[in-house]
Amino acid sequence: MAAVRGAPLLSCLLALLALCPGGRPQTVLTDDEIEEFLEGFLSELEPEPREDDVEAPPPPEPTPRVRKAQAGGKPGKRPGTAAEVPPEKTKDKGKKGKKDKGPKVPKESLEGSPRLPKKGKEKPPKATKKPKEKPPKATKKPKEKPPKATKKPKEKPPKATKKPPSGKRPPILAPSETLEWPLPPPPSPGPKELPQEGGLSTILGYASSECPPIGMESHRIEDNQIRASSMLRHGLGAQRGRLNMQTGATEDDYYDGAWCAEDDASTQWIEVDTRRTTRFTGVITQGRDSSIHDDFVTTFFVGFSNDSQTWVMYTNGYEEMTFHGNVDKDTPVLSELPEPVVARFIRIYPLTWNGSLCMRLEVLGCSVAPVYSYYAQNEVVATDDLDFRHHSYKDMRQLMKVVNEECPTITRTYSLGKSSRGLKIYAMEISDNPGEHELGEPEFRYTAGIHGNEVLGRELLLLLMQYLCREYRDGNPRVRSLVQDTRIHLVPSLNPDGYEVAAQMGSEFGNWALGLWTEEGFDIFEDFPDLNSVLWGAEERKWVPYRVPNNNLPIPERYLSPDATVSTEVRAIIAWMEKNPFVLGANLNGGERLVSYPYDMARTPTQEQLLAAAMAAARGEDEDEVSEAQETPDHAIFRWLAISFASAHLTLTEPYRGGCQAQDYTGGMGIVNGAKWNPRTGTINDFSYLHTNCLELSFYLGCDKFPHESELPREWENNKEALLTFMEQVHRGIKGVVTDEQGIPIANATISVSGINHGVKTASGGDYWRILNPGEYRVTAHAEGYTPSAKTCNVDYDIGATQCNFILARSNWKRIREIMAMNGNRPIPHIDPSRPMTPQQRRLQQRRLQHRLRLRAQMRLRRLNATTTLGPHTVPPTLPPAPATTLSTTIEPWGLVPPTTAGWEESETETYTEVVTEFGTEVEPEFETQLEPEFETQLEPEFEEEEEEEEEEEIATGQAFPFTTVETYTVNFGDF
């Protein structure tokens, strides 16, 4: 600014020199004219000096007593009470001449930093020009706090000049000066306002600087780039001082939620090495993440260095600038530097704090290092021309519309439903025939935005839409094959309400949970029905798979009731899942860096598993028994899918990065079982696996939930290949169509694989897909009313599912189901010939059969009596002639249909049908004993109540002629 104001004066002097070429004047000017000419320009540059303008002496050096008094102030002191300058004094100093600035600003630069001599002489007077016009602008905020800023003008200069921990006062950096390092910074924009009281401390909602974060929260800044003067203990070291760092499962362990210094009176600091020349523009601070402690820093100094030895403190022109920090432990606060500073190291000196000295921070800065820098050689650079920015709800809708217009033949935009606030949950379908399910084509889905503040997945899916559309038009063979053979569904925002809340704060300024839940307060990820408990309870009772299936479990009725406590978004998602036969999918999240696969719910191990685990631990072996309790039947397949994404990701499998918030649960592989990492109930992954055919995984893409826009190109390159590779896995395994002998597709047929206790169902068109690892499998298809069919299928390592079609023949299962329904659908006991019955069981069986035979004899007698009372004229004319007065009382032998008749049909359980024709009116005792062995293999036990009901029905429909009764008995020989 000083250079701008000096330009008119310089032009004036050049004009005067132009009048005197070679020292010879061309026009004679009097002394009065020259003086009047110069006074006119000077009057425009500065106002008339006031009479009370008096040259003020430089502030005295701080003494140890003053320094100790300030550092030992009460924790939690209100911002601005430690080292603020009164507005009156700032105005006076702003109007002083060049004499005031000479002693305030050091002319020498940092060690090892070349500096031009002329600039060193010109900058002190130039720095005096800024405060003249800026006090009214910069003191607007402090004027609202007049008691704090105007009552102690004499005591504040010494308080603001605290020494750094080395005990040697470093040079003071004026805000108008930009440090010149061996690499000069790019031309900086126009100078900003210079506040006269503290820094530009801004709470949430203030516009951020033009420079992005350097990567403290995203972990691009590694642990060895962060140092501190001390730490309270290892779990509160400097590496824990990252913005939004979360405490571990147990507080006060090795993974706590902030950097905390030792409790002593010495000056503490935390330092960040950017490893390159950086243009710093601001600092974002935050308190300690804790449910017990309430620790945060209220005021602090900022220093810069190029070698970490010589430090220059940031000043406001006459003293070290005090920046105001936090007023609570969770809300991030931006402290913006009035003038950028170019350096390599930045250091924060806390002055006052609440509770213990603990803080988390992020630094804003732009790299000015050249491309040949060592640390910039391996950085990822985006090559795709895509829309790399954050999209609001309207922007997202507009972008999806544009993509649909660019590729109308392969895209379709539709809605899953509406959110709590009425915002539509948009989805985009990408396929060669959008809008229809093609026979044999698998369906894939990517979802994001389950938590509204985790926005990286949202932007990646919007970028993926653009990429697939443009690459398909450009003829990319990989993309064309993927689009033509797969029906892809992309849902960028499942929680649009939460995103709007988080987006109001913007990147870096929302806390960890802001926007995570829906408008109704639900966590969508954990709001699905708990089907794990249903399945595990049935397994403990040995009901699987006879009474409870091991796949496609129904949703409990209490969950489907209108008054059930279920979020609006989850109802829409469940309806969407049931409508489309998805095969594979993933949900994109943030806050961690790993791939999580089911189960997400922890299962309590049985006593046998606990005993086996204890014995294994005693032998020094792994506790596999307990681990298996958390694994799905498709555990090996889930690991394959998780590794396919993690291995293609550019940073997910780098073991030196460790975990974002705590230890690395993946062991450097980037994948982990959800129940072992973060056990939760009712997750979308477990529900999708147990209720549908879809294998669902969770991708946690980075430590920063809401990355800056400048991070999006880098994150796109990190994830692009992994996203495409995972989509291609939907074509791994087996696929086919299940039909009957007439070629009619059979829906809801079950496809089971030997050795994997989890099946899949066929779609409405009879087609199915089963993701399997490479190998040889025995696959069986069975459906109700059809004879099962089995075959061997081979799965190769190459992408491309093996075709395995099934043709099922009809069986007598329909009649079997009717008989079972008559028996109340109770379990039918199996008779195993290899295990003969005990005498007690045999006697019980004989008594039961004798009782049934007696009931049948009584039924026939009642029917006979009913026919005799009706008279002979009720006999139908088509029947053969019979005696009209009496009926034959002789018992004819029971006619048994030979095994070669059509009544014998083979079923899945080796059953046959026995047809019995009865004649006569009563059963003699000796005949009953002959029939007992024939009914020893009777399967369904009938009770007296049911027989009485049958008797009443048959009496009501009795006929007045000799009758023939046909009874069907089903005998199970499945275990013979």
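From a predicted model like this one, the values you see are computed outputs, not experimental measurements.

A. Broad picture of the overall build of the protein chain. Scanning the protein chain from N- to C-terminus turns up 28 helices and 30 strands. Here the protein chain, with 976 residues, has 50% of them falling under the buried criterion. Here the contacts in the protein chain between residues at least 6 apart in sequence split such that 80% fall between residues at least 24 apart. Total accessible area computed for the protein chain in this model is approximately 46100 Å², and 53% of it derives from carbon and sulfur atoms.

B. How the structure looks around the nonpolar core. In this structure, Tyr446, Leu697, Phe699 and Phe726 are the most contacted members of the largest nonpolar core, which totals 119 residues. Both domains that furnish three or more residues to this core are identified here as domain 2 (393–729) and domain 3 (734–815). Ignoring any residue separated from it by four or fewer positions in sequence, one finds Tyr446 in contact with Leu461, Leu464, His489, Leu490, Val491, Ala586, Leu588, Phe699, Ala722, Leu723, Phe726 and Met727. With 28 residues, the next largest nonpolar core counts Val272, Phe300, Ile348 and Leu357 among its residues.

C. Layout of the pattern of salt bridges. Taken as a whole, this structure holds 25 salt bridges when the rule is applied. The salt bridge involving Glu271 is made with Arg347; its shortest N-O contact spans 2.6 Å. Remark: Arg347 occurs in strand β9 (residues 333–354) and Glu271 occurs in strand β5 (residues 270–286); sequence separation between them is 76 residues. Classification of Glu271 as buried rests on a relative accessible area of 2%. According to the relative accessible area criterion, Arg347 is buried, its value standing at 6%. Residue Glu721 pairs with Arg478 through a salt bridge whose shortest N-O separation is 3.0 Å. Within this pair, whereas Glu721 is found in helix α24 (residues 712–728), its partner Arg478 is found in helix α14 (residues 477–485), the two being separated by 243 residues in sequence. Residue classification places Glu721 among the partly exposed positions, given a relative accessible area of 36%. One salt-bridge network, in which partners are shared between bridges, spans Arg233, Asp256, Arg288 and Asp295.

D. Expanded view of the side chain of Gln286. Within the secondary structure, Gln286 is located in strand β5. A distance of 2.7 Å separates a polar side-chain atom of Gln286 from the backbone oxygen of Asp330. Each residue touching Gln286, except ones within four places of it in the same chain, is listed here: Leu243, Asn244, Asn326, Lys329, Asp330, Thr331, Pro332, Met359 and Arg360.

E. Just the packing of aromatic side chains, in detail. One pass over the structure, following the stated rule, counts 20 aromatic pairs. Between Phe304 and Tyr314, the aromatic rings sit 6.2 Å apart at their centres with planes inclined by 65 degrees, giving edge-to-face as the arrangement. Note that Phe304 is positioned in strand β6 (residues 296–305) and Tyr314 in strand β7 (residues 311–314), a separation of 10 residues in sequence. Exposure class is identical for Phe304 and Tyr314. Each is buried.

F. Just a positive patch on the surface, in detail. Where like charges cluster on the molecular surface, the positive patch consists of Lys394, Arg397, Lys418 and Lys424. On the secondary structure map, Arg397 appears in helix α12 (residues 393–406).

G. Quick look at unusual backbone geometry. Of note, the amide linkage connecting Val544 to Pro545 takes the cis form, showing an omega dihedral of 5 degrees. Relative to the helices and strands, Pro545 is located in the loop between α16 (532–540) and α17 (557–560). Despite not being glycine, Arg275 has its phi angle at roughly 65 degrees, a positive value. Examined against the element boundaries, Arg275 turns out to sit in strand β5.

H. Region of the structure containing the sheet that holds strand β17 (residues 671–673). The mixed open sheet is built from 8 strands, whose spatial order is β11-β12-β14-β13-β15-β18-β16-β17. The two strands at the open ends of the sheet, each matched to only one other strand, are β11 (411–418) and β17. Direction aside, neighbouring strands of the sheet carry axes that sit 25 degrees apart on average. Taken together, the 6 bridges between β11 and strand β12 (residues 424–430) define a ladder with antiparallel strand orientation. Its bridge partner lying in β12, Lys418 is registered against Lys424. Running over the sheet, helix α13 (residues 456–473) touches β12, β13 (443–448), β14 (487–491), β15 (582–589) and β18 (695–702) and is turned about 135 degrees from β13.

I. Expanded view of α16. Turning to α16, its buried residues are Asn532, Leu535, Trp536, Gly537 and Ala538. In the segment just after α16, Lys542 is the residue with positive phi, at about 65 degrees.

J. Examining the sheet that holds strand β25 (residues 789–795) more closely. Taken together, 4 strands build an open sheet; the order of strands is β21-β20-β23-β25 and the sheet is antiparallel. The outermost strands of the open sheet, each flanked by one partner alone, are β21 (756–761) and β25. For this sheet, the mean angle separating the axes of adjacent strands, direction not counted, is 30 degrees.

K. Structural context of the side chain of Asn589. Inspection of the secondary structure assignment puts Asn589 in strand β15. Polar contacts involving the side chain of Asn589 include one to the side chain of Asn587, which spans 2.8 Å.

L. Focus on the pairing of strand β20 (residues 750–753). As defined by bridge partners, β20 adjoins β21 across 3 bridges and the pair is classed as antiparallel. Paired with Thr750 across the strands is Lys761, a residue of β21. Connecting β20 to the next strand, β21, in antiparallel fashion are 2 residues, including Gly755 with a positive phi near 95 degrees. Alignment of β20 against strand β23 (residues 775–782), held across 4 bridges, turns out to be antiparallel. Along β23, the bridge assignment pairs Thr750 with His782.

M. Local environment of the packing of α12 against α13. In contact at an axis separation of 10 Å, α12 and α13 are set at 15 degrees when each is read in the N-to-C sense. Between α12 and α13, the angle is such that the two are roughly parallel. In this structure, the crossing between α12 and α13 has a hand that is left-handed. Along its contact with α12, which presents Tyr393, Met396, Leu399, Met400, Val403 and Glu406, the element α13 presents Arg458, Leu462, Met465, Gln466, Cys469, Arg470 and Arg473. A per-class count over the contact of α12 with α13 returns 8 nonpolar, 1 polar and 4 charged.

N. Geometry of the pairing of β13. With 6 of 6 residues buried, β13 lies mostly within the body of the structure. Both faces of β13 are covered, namely the face carrying Glu443, Arg445 and Thr447 and the face carrying Phe444, Tyr446 and Ala448. Sheet analysis places β13 next to β15, joined by 6 bridges and oriented parallel. Following the sheet pairing, Thr447 is matched in β15 by Asn587.

O. Representation of the state of the cysteines within the structure. The final tally for this structure, using the stated rule, is 5 disulfides. Across the disulfide, Cys260 is cross-linked to Cys358 (sulfur-sulfur distance 1.8 Å). What sets the handedness of the Cys260 and Cys358 disulfide is the S-S torsion sign, and at about 115 degrees it is right-handed. In this pair, Cys260 sits in strand β4 (residues 259–260) while Cys358 sits in strand β10 (residues 358–367), placing the two residues 98 residues apart along the sequence. Of the residues examined, Cys260 reaches a relative accessible area of 0% and is grouped as buried. Note that Cys660 is cross-linked by a disulfide to Cys703, the S-S spacing being 1.8 Å. Measuring the twist about the S-S bond at about -70 degrees, one finds the Cys660-Cys703 disulfide to be left-handed.

P. Representation of the confidence of the model for the protein chain in the model. When pLDDT is averaged across the protein chain, the result is 74; 64% of the residues are at 70 or more. For residues 45–171, every residue scores under 50 in pLDDT, and the model assigns this stretch 202 contacts once sequence neighbours within four places are set aside.

Q. Region of interest: α24. Over its 17 residues, α24 extends 24 Å from the first C-alpha to the last, a length consistent with the 24 Å expected when each residue adds 1.5 Å. Of all the bends in α24, the largest measures some 40 degrees and sits at Asn719. Taken across its 17 residues, α24 has 14 buried, putting it largely inside the fold.

R. Main features of the environment of Glu526. Mapped onto the fold, Glu526 is located in the loop between α15 (496–505) and α16. Here Glu526 falls in the partly exposed class, since its relative accessible area comes to 33%. Spatially, the C-alpha atom of Glu526 lies 9.8 Å from that of Phe687, the residues being 161 residues apart in sequence. With residues near it in sequence (within four places) discarded, Glu526 still touches Arg680, Thr681, Gly682 and Thr683.

S. A look at the environment of Arg458. When you line up the elements, Arg458 lands in helix α13. Looking at Arg458, the relative accessible area reads 2%, which means it is buried. Sequence separation between Arg458 and Asn589 is 131 residues, and the spatial gap between their C-alpha atoms is 8.9 Å. Other than its neighbours up to four places away in sequence, Arg458 contacts His391, Ser392, Tyr393, Met396, Ala448, Pro492, Ser493 and Tyr499. Reaching out from Arg458, the side chain makes a polar contact with the side chain of Ser493 at a distance of 3.1 Å.

Conventions and cut-offs
Throughout, residues of each chain are indexed from 1 in the direction in which the sequence is written. Given that the model is predicted, a residue must reach a pLDDT of at least 70 before its local features are reported, and side-chain atom pairs must reach 80 or more before they are shown or counted; all residues, however, enter totals for whole chains, interfaces and linings. Excluding hydrogens and water, the side-chain figures rest on all heavy atoms present in the structure. Secondary structure elements are taken from DSSP: a helix is a run of H or I of four residues or more, a strand is a run of E of two residues or more, and numbering for both begins at the N terminus. Think of it in three bands: residues with accessible area under 20% of the maximum for their type are buried, residues over 50% are exposed, and the middle band is partly exposed, with areas taken using a 1.4 Å probe on protein chains only. Here, two residues are considered to be in contact whenever any of their heavy atoms come within 4.5 Å of each other. Accessible surface is estimated by sampling points in the Shrake-Rupley manner with a 1.4 Å probe; for residues, cover comes only from the protein chains shown. Put simply, a nonpolar core is a bunch of buried Ala, Val, Leu, Ile, Met, Phe, Trp, Tyr and Cys residues held in one set by side-chain atoms that sit within 4.5 Å of each other. How far each domain reaches was decided by an automatic or database domain assignment. Any carboxyl oxygen of Asp or Glu that lies within 4 Å of a side-chain nitrogen of Lys or Arg is treated as forming a salt bridge with it. Think of a polar contact as two N or O atoms within 3.5 Å of one another; within protein, one of them needs to be a possible hydrogen donor and the other a possible acceptor, and neighboring residues in sequence only count if both atoms come from side chains. Stacked, edge-to-face and tilted are the three classes for Phe, Tyr and Trp ring pairs, Trp counted by its six-membered ring, which pair at centre distances within 6.5 Å; planes under 30 degrees apart are stacked, over 60 edge-to-face, the rest tilted. Distance thresholds for patches are 9 Å for like charges and 5 Å for nonpolar side chains (Val, Leu, Ile, Met, Phe, Trp, Tyr), applied to residues having over 30% relative accessible area and no salt bridge. Positive charges come from Lys and Arg alone, negative charges from Asp and Glu alone, with His and the N- and C-terminal ends not counted. Charge positions come from single atoms, namely NZ of Lys, CZ of Arg, CG of Asp or CD of Glu. In this description, strands pair whenever DSSP reports at least two bridges between them. Each axis is a line fitted through C-alpha atoms, taken for helices only over the stretch in contact, and angles between the N-to-C directions span 0 to 180 degrees. Oblique is the label for any angle not covered by the other classes, which are roughly parallel (under 35 degrees), roughly antiparallel (over 145) and roughly perpendicular (65 to 115). Less than a right angle of anticlockwise turn of the near helix away from the far helix marks a crossing as left-handed, whereas a clockwise turn marks it as right-handed. In this count, Pro and Cys sit with the nonpolar residues alongside Ala, Val, Leu, Ile, Met, Phe, Trp and Tyr, while Asp, Glu, Lys and Arg are called charged and the others, Gly among them, polar. Any two cysteine sulfur atoms lying within 2.5 Å of each other are counted as a disulfide. What pLDDT expresses is the predictor's confidence in each residue, scored from 0 to 100. To estimate the expected span of a helix, count its residues, drop one, and scale the result by 1.5 Å. Two axes are fitted around each residue, one to the seven residues ending there and one to the seven starting there, and the angle between them is reported as the bend at that residue.

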